[in-house]
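Residue-level listing of the chains:
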Amino acid sequence: MVSIKLSENKINQIKDICKSFNNEKGELINVLHKTQSTLGYLPAEVQEVVARELNTSTAHVYGVVTFYSFFTMIPKGEFPISICMGTACYVRGAEKVLDEFKRELKITVGETTADGKFSLSCLRCVGACGLAPVVMVGDKVYGRVAPDGIKEILNDYK
Amino acid sequence: MAKIKKHLLVCGGTSCNALQNEVIASNLKETIREKGLNEEVQVMMTGCFGLCEKGPIVKVLHDNTIYIGVKPEDLKEIVEEHIINGNKVTRLLLDSDPNLKVHSKKQLRIALRNCGFIDPENINEYFACDGYLALGKVLESKDPQKTIDIIKKSGLRGRGGGGFPTGLKWEITSKSQADQKYVVCNADEGDPGAFMDRSILEGDPHSVIEAMAIAGYAIGATKGLVYIRAEYPLAIERLKTAINQSREFGFLGTDIMGSGFDFDIELRYGAGAFVCGEETALIHSMEGNRGEPTFKPPFPSVSGYLGKPTNVNNVETFANIPVIINKGAEWFAAIGTEKSKGTKVFALAGKINNVGLIEVPMGITLREIIYEIGGGIKDGKKFKAVQTGGPSGGCLTEVHLDTPIDYDNLIAAGSMMGSGGMIVMDEDDCMVSIAKYYLDFTVEESCGKCTPCRIGNKRLYEILEKITLGKGTLEDLDKLKNLSHVIKDTSLCGLGQTSPNPVLSTLENFWDEYIEHVTVKKCRSNQCKALMQYIIDPEQCVGCTACARNCPVNAITGERKLAHLINQDICIKCGACMEKCKFNAISIK
Ligand SMILES: Cc1cc2nc3c(=O)[nH]c(=O)nc-3n(C[C@H](O)[C@H](O)[C@H](O)COP(=O)(O)O)c2cc1C
Ligand code: SF4
Ligand code: SF4
Ligand code: FES
């Protein structure tokens, strides 16, 4: 794994987040949510700062980060693509849509394209089952996505 | 200011959001203003109407008209013809879709009573629908036990999946002695393909807040926590707004309505782990730890959050409470079957015409749900199965279509109520693949604490995969069965104890499909790619080259005007060629 050095500024941001939750260990998950939404992801170095601030072990923080699929230790693409793999989307062909994205972007689930533009992940039901299969790019929801329609979606971001 | 006479409601649920309902709402407001009607016509965004597939949706409240599939260019016509001249725009009417004719007739809305009817961001609208009246009644009675008795008598059972009697749970928590107790609302909604709780929180957040305060008073808790999935940003936003409004009006905070009772609510966020819907795991997660379940007893009602007695209820369970208090236990108990009272909200999805949210009285049959409310199977295909209970549930088939739906009947049929996901499958769905899909989910979501679930489910998945690849044997089917029972019997929490259900129920109901997969190596629904081949019939092929040009992996060779050939070693079975061939020369073998 590449190790990164956090800037003074970033460290202070993390410290401020911890402080806003009174440096309480029980608030770890809230702290991680806030930190990830500020920094984009939670690499080991960030976890170390959080552990120190909340007065707990890095192992505990790591254990929590890796337990929950919402938290990520690698940076997402500029336009993160999530394909819904909920049951409603699955029975309406989500797998084919996923295959097509994989082929088009030449990456697999959990990876980011070399230019850092797109990353691919799966999620379970965004609650728009009526529009299955559903794909999200960032916060935008695309419904009734067909495998031959994904080029068009990607074009929106090129 | 003139009095508002007419209301136009625009559905603001997630599905409709994706269809740009905001553009509809703002254009509608603009049109109303242009016509100088903004003094008497109000446009507002509400929660989900439950017609997710037909959005965006506009409802005209005064004459209860629903327009479906509304486009920005339709708005002027709706305003001019309907609002001004009083003539409905027939081509957009809900009834113009023959599948939707009986959609609302068989439904009974209790938990969803206000969804799609009020503006969830405006507490005044909740007041207009008896909002916070129930809390007032409960506090006025000065008798927590009386409230518990009402809930007990109503027969309400938990809607989160287990079906535990709610009143009894409240009573146990109220009898636990402690300096601090908690009321927790479980809004984790992990079942993939279900969105009942989210719709309630988006459409009627105050009803859940009010119910939590009532529960707090009944059991003697002053603190409430909502554990909600971080993946539900709209629901979180609406809930936060509602909590603030409720505080402003004094329904949360100290000395509520002068009763001396204090109660407030905080939010805790889930982070994408299905097992956190299990109550002990949920509590560990709220404490900032990995969401691993622990053995029960002790039950949360005795020792839960921070070791204190904690009453965990599901969102939909809570949404029923205020109505029960207002209308009485007898009223509620008169609805439903002998042991399952009231209604249940289902997220109806899959191969069905009317995908969306429905609320039906307990005891309704699957046939009524699928063929009447759901409008039948999509594209005139043949019904095969319906999956209820998500990854913990099972499949019901043709023979169960007339069974009245309640907690006990579903279990007897080899499935379960679950939280309310209902996925309809047709002849194109391979049941082995469906079982594999659920096991894939379970393997990913198992917390790993206990061996049968962590390793056993992985083995189940591998056997299912082997079968879908055409490498399964009859022996594997026995293994599936035996292993399933071991996992069920020996897992620590509800996840492992129920995860083999999709396998067992498909084995039971679709034994012949399994047999076909392992003996003749055939998948009758053509879903298992390893068991099928795309072939070109040289007699039919005119050599137009359409297939070859569209094949993403260049698996098709052939000269123009001569019959083409698919190289089976290269073909990835995407089906593109078959779709593109205008001469029906390509088929699946
Ligand atoms: C693996 C697993 C997942 C669960 N997921 C949920 C869920 O998403 N929402 C929910 O309300 N209950 C869920 N439950 C049930 C809860 O443990 C608990 O029984 C419920 O929240 C109690 O509320 P109720 O009595 O109002 O149903 C789950 C249980 C298990 C074993
Ligand atoms: S049954 Fe599965 S999810 Fe439950 S405790 Fe065991 S490993 Fe974890
Ligand atoms: S099924 Fe797909 S990969 Fe196979 S020949 Fe046809 S187009 Fe090519
Ligand atoms: S299953 Fe994909 S949005 Fe619900």
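Just so you know, these numbers come straight off a predicted model, no measurement behind them. (Residues numbered from 1 in each chain as written. Chains lettered and ligands numbered in written order. Predicted model: local features only at pLDDT ≥ 70, side-chain atom pairs only at ≥ 80, totals over all residues. Heavy atoms only, no water.)

**Student:** Looking at this structure, I do not really get the overall build of chain A. What am I missing?
**Tutor:** Per the secondary structure count, chain A includes 7 helices and 4 strands. From first element to last, N terminus to C terminus, chain A shows the α and β order α-α-α-α-β-α-α-β-β-β-α. Once the C-alpha set of chain A is aligned to its principal axes, its extents read approximately 50 × 30 × 20 Å. A burial count over chain A gives 51% of its 158 residues as buried. Here the contacts in chain A between residues at least 6 apart in sequence split such that 60% fall between residues at least 24 apart. When the accessible surface of chain A is split by element, carbon and sulfur atoms take 50% of a total near 7,600 Å². (Helix = DSSP H or I, 4+ residues; strand = E, 2+ residues; numbered from the N terminus. Buried < 20%, exposed > 50% of the residue type's maximum accessible area, 1.4 Å probe, protein only. Contact = heavy atoms within 4.5 Å. Areas by Shrake-Rupley, 256 points an atom, 1.4 Å probe, with all protein chains shown as cover.)

**Student:** What am I meant to see in the environment of Ser 499 of chain B here?
**Tutor:** Residue and element names in this part refer to chain B. As for its placement among the helices and strands, Ser 499 is situated in the loop between α19 (494-498) and α20 (501-509). C-alpha of Ser 499 to C-alpha of Lys 137: the two residues are 362 residues apart in sequence and 43 Å apart in space. When sequence neighbours within four positions are dropped, the list of residues in contact with Ser 499 reads Pro 391, Leu 439, Thr 442, Asn 457 and Ile 487. In terms of polar contacts, Ser 499 uses its side chain to reach the side chain of Asn 457, at 3.0 Å. (Polar contact = N/O pair within 3.5 Å; in protein donor to acceptor, adjacent residues only side chain to side chain.)

**Student:** Please explain the interface of chain B and chain A as it appears in this structure.
**Tutor:** When the parts come together, some accessible area is lost, and that loss is often what is quoted as the size of the interface. With 52 residues of chain B at the interface, the matching set in chain A holds 36 residues. Summed over both partners, the interface of chain B with chain A comes to about 3,500 Å²; 55% of that surface belongs to carbon and sulfur atoms. Taken as a group, Ala 271, Arg 290 and Tyr 437 of chain B account for 18% of the area that chain B buries against chain A, more than any other trio of residues on that side. A salt bridge links Glu 444 of chain B to Arg 124 of chain A; the nearest nitrogen and oxygen atoms lie 3.6 Å apart. (Buried area = accessible area lost by both parts, 1.4 Å probe. Salt bridge = Lys/Arg side-chain N within 4 Å of Asp/Glu carboxyl O.)

**Student:** Sorry if this is basic, but what is going on with the sheet that holds strand β7 (residues 264-270) of chain B here?
**Tutor:** For sheets, the rule is that strands pair by backbone hydrogen bonds, running either parallel or antiparallel. Residues and elements named next belong to chain B. Read from one edge of the open sheet, 4 strands run β7-β6-β5-β8, paired in parallel fashion. Bordering the open sheet on either side are β7 and β8 (310-314), each of which pairs with just one other strand. Put simply, the sheet's adjacent strands are angled 25° from each other on average, direction ignored. Pairing geometry for strand β5 (residues 182-187) and strand β6 (residues 223-229), over 6 bridges, is parallel. Residue pairing in the sheet places Cys 185 in a bridge with Val 226 of β6. Helix α9 (residues 205-219) contacts β5, β6, β7 and β8 of the sheet and is inclined by roughly 145° relative to β5. (Pairing = 2+ DSSP bridges. Axes fitted to C-alpha atoms, helices over the stretch in contact; angles between N-to-C directions.)

**Student:** Quick question: what am I supposed to make of the sheet that holds strand β3 (residues 58-60) of chain B here?
**Tutor:** Residue and element names in this part refer to chain B. If you trace the 4 strands from one edge of the open sheet to the other, you get β2-β1-β3-β4, paired in mixed fashion. Of all the strands in the sheet, just β2 (41-46) and β4 (65-67) have a single pairing partner and so form its edges. Across the sheet, the mean angle separating the axes of adjacent strands is 20° when strand polarity is ignored. Where strand β1 (residues 6-11) and β3 come together, 3 bridges link them in antiparallel fashion. By the bridge assignment for β3, Leu 9 is matched with Lys 59. Across the sheet, helix α2 (residues 21-34) is in contact with β1, β2 and β3; its angle to β2 comes to roughly 170°.

**Student:** Got a minute to help me understand the domain arrangement of chain B in this structure?
**Tutor:** Residues and elements named next belong to chain B. With domains assigned, chain B is organised as domain 1 (6-96), domain 2 (123-333), domain 3 (343-426), domain 4 (431-520) and domain 5 (533-588). One C-alpha centre belongs to domain 2, the other to domain 4; they are set 35 Å apart. Between domain 2 and domain 4, the contact holds 10 residues from the first and 8 residues from the second. With both chains or domains summed, domain 2 and domain 4 bury close to 890 Å², and 74% of this area falls on carbon and sulfur atoms. Across the domain 2-domain 4 interface, the total number found is 0 salt bridges. Scanning the region where domain 2 abuts domain 4 turns up 2 residue pairs in polar contact (both at pLDDT 80 or more). Here the residues of the side of domain 2 that touches domain 4 sort into 6 nonpolar, 2 polar and 2 charged. (Domains from an automatic or database assignment. Nonpolar A, V, L, I, M, F, W, Y, C, P; charged D, E, K, R; others polar.)

**Student:** I'm lost on the domain arrangement of chain A in this one. Help?
**Tutor:** What the domain assignment reports for chain A is domain 1 (8-67) and domain 2 (79-155). When each unit is reduced to the centre of its C-alpha atoms, the spacing between domain 1 of chain A and domain 2 of chain A is 30 Å.

**Student:** Before we go on, may I ask you to explain the pairing of strand β9 (residues 343-350) of chain B in this structure?
**Tutor:** Each regular strand carries side chains that alternate between the two faces of the sheet. Residue and element names in this part refer to chain B. Counting buried residues in β9 gives 8 out of 8 residues, a clear majority hidden from the surface. Two strands pair when backbone bridges link them, and β9 and strand β10 (residues 356-361) are joined in this way by 6 bridges, in the antiparallel orientation. Residue pairing for β10: Thr 343 is matched across the bridge by Pro 361. In textbook terms, the turn of a hairpin is the stretch between consecutive antiparallel strands, and for β9 and β10 this stretch comprises 5 residues. Sheet topology places β9 next to strand β13 (residues 421-426); 4 bridges connect them, and they run parallel. Within β13, the residue paired with Ala 347 across the bridge is Gly 421.

**Student:** Got a minute to help me understand the pattern of salt bridges in this structure?
**Tutor:** Two side chains of opposite charge can pair, provided their charged atoms sit close to one another. Residues and elements named next belong to chain B. For the coordinates displayed, the defined rule picks out 36 salt bridges over all chains. For Arg 238, the salt bridge goes to Glu 121, with nearest N and O atoms at 3.1 Å. Separated by 117 residues along the polypeptide, Arg 238 in helix α10 (residues 233-248) and Glu 121 in the loop between α3 (75-84) and α4 (123-128) bring together distant segments of the chain. Residue class for Glu 121 comes out partly exposed when judged on its relative accessible area of 41%. A salt bridge links Lys 175 to Glu 171; the nearest nitrogen and oxygen atoms lie 3.8 Å apart. Residue Lys 175 and its partner Glu 171 are located together in helix α7 (residues 166-175), separated by 4 residues, close to a single helical turn.

**Student:** In this structure, what is going on with the site of ligand 1? I would like to understand it.
**Tutor:** Residue and element names in this part refer to chain B. Around ligand 1 lies a shell of 18 residues, among which Gly 160, Asn 186, Asn 313, Asn 314 and Thr 317 are the nearest. Measuring from a nitrogen atom of ligand 1, one finds a backbone N or O atom of Gly 277 at 3.2 Å. Separating an oxygen atom of ligand 1 from a side-chain N or O atom of Asn 314 is a distance of 2.8 Å. Looking at the shell around ligand 1, the elements with two or more residues in it are β8 and α19. Ranked by residues supplied to the shell around ligand 1, first place goes to β8 with 3 residues. Each residue belonging to the shell around ligand 1 can be placed in one class, and the counts come to 3 nonpolar, 9 polar and 6 charged. (Near = heavy atom within 4 Å.)

**Student:** What exactly am I supposed to notice about the side chain of Ser 199 of chain B here?
**Tutor:** Residues and elements named next belong to chain B. Looking at where Ser 199 falls in the secondary structure, it is placed in helix α8 (residues 196-203). The exposure class assigned to Ser 199 is buried, which follows from its relative accessible area of 1%. Every residue in contact with Ser 199, bar those within four places of it in the chain, is listed here: Cys 48, Cys 115, Asp 204 and Leu 357.

**Student:** What exactly am I supposed to notice about the confidence of the model for chain B here?
**Tutor:** The predicted coordinates should not be examined in detail at positions where pLDDT is low. For chain B, per-residue confidence averages 92 on the pLDDT scale, and residues scoring 70 or more make up 98% of the total. Interface confidence in the predicted complex, given as ipTM, is 0.86; pTM for the same model is 0.89. (pLDDT = per-residue confidence, 0-100.)

**Student:** Please clarify how the packing of aromatic side chains should be interpreted in this entry.
**Tutor:** Centre distance and the angle of the planes are the two values used to describe a pair of aromatic rings. Under the definition given, this model contains 17 aromatic pairs over all chains. Measuring from ring centre to ring centre gives 6.0 Å for Phe 79 of chain A and Phe 118 of chain A, while their planes differ by 40°; the resulting arrangement is tilted. Within this pair, whereas Phe 79 of chain A is found in strand β1 (residues 79-84), its partner Phe 118 of chain A is found in strand β2 (residues 118-123), the two being separated by 39 residues in sequence. Among the residues examined, Phe 79 of chain A registers a relative accessible area of 21% and is labelled partly exposed. Of the residues examined, Phe 118 of chain A reaches a relative accessible area of 3% and is grouped as buried. For the pair Phe 127 of chain B and Phe 249 of chain B, a centre-to-centre distance of 5.2 Å together with 70° between the ring planes defines the contact as edge-to-face. Here Phe 127 of chain B, found in helix α4, pairs with Phe 249 of chain B, found in the loop between α10 and β7; they are 122 residues apart in sequence, far enough to count as distant. (Phe/Tyr/Trp six-rings, centres within 6.5 Å; stacked < 30°, edge-to-face > 60°.)

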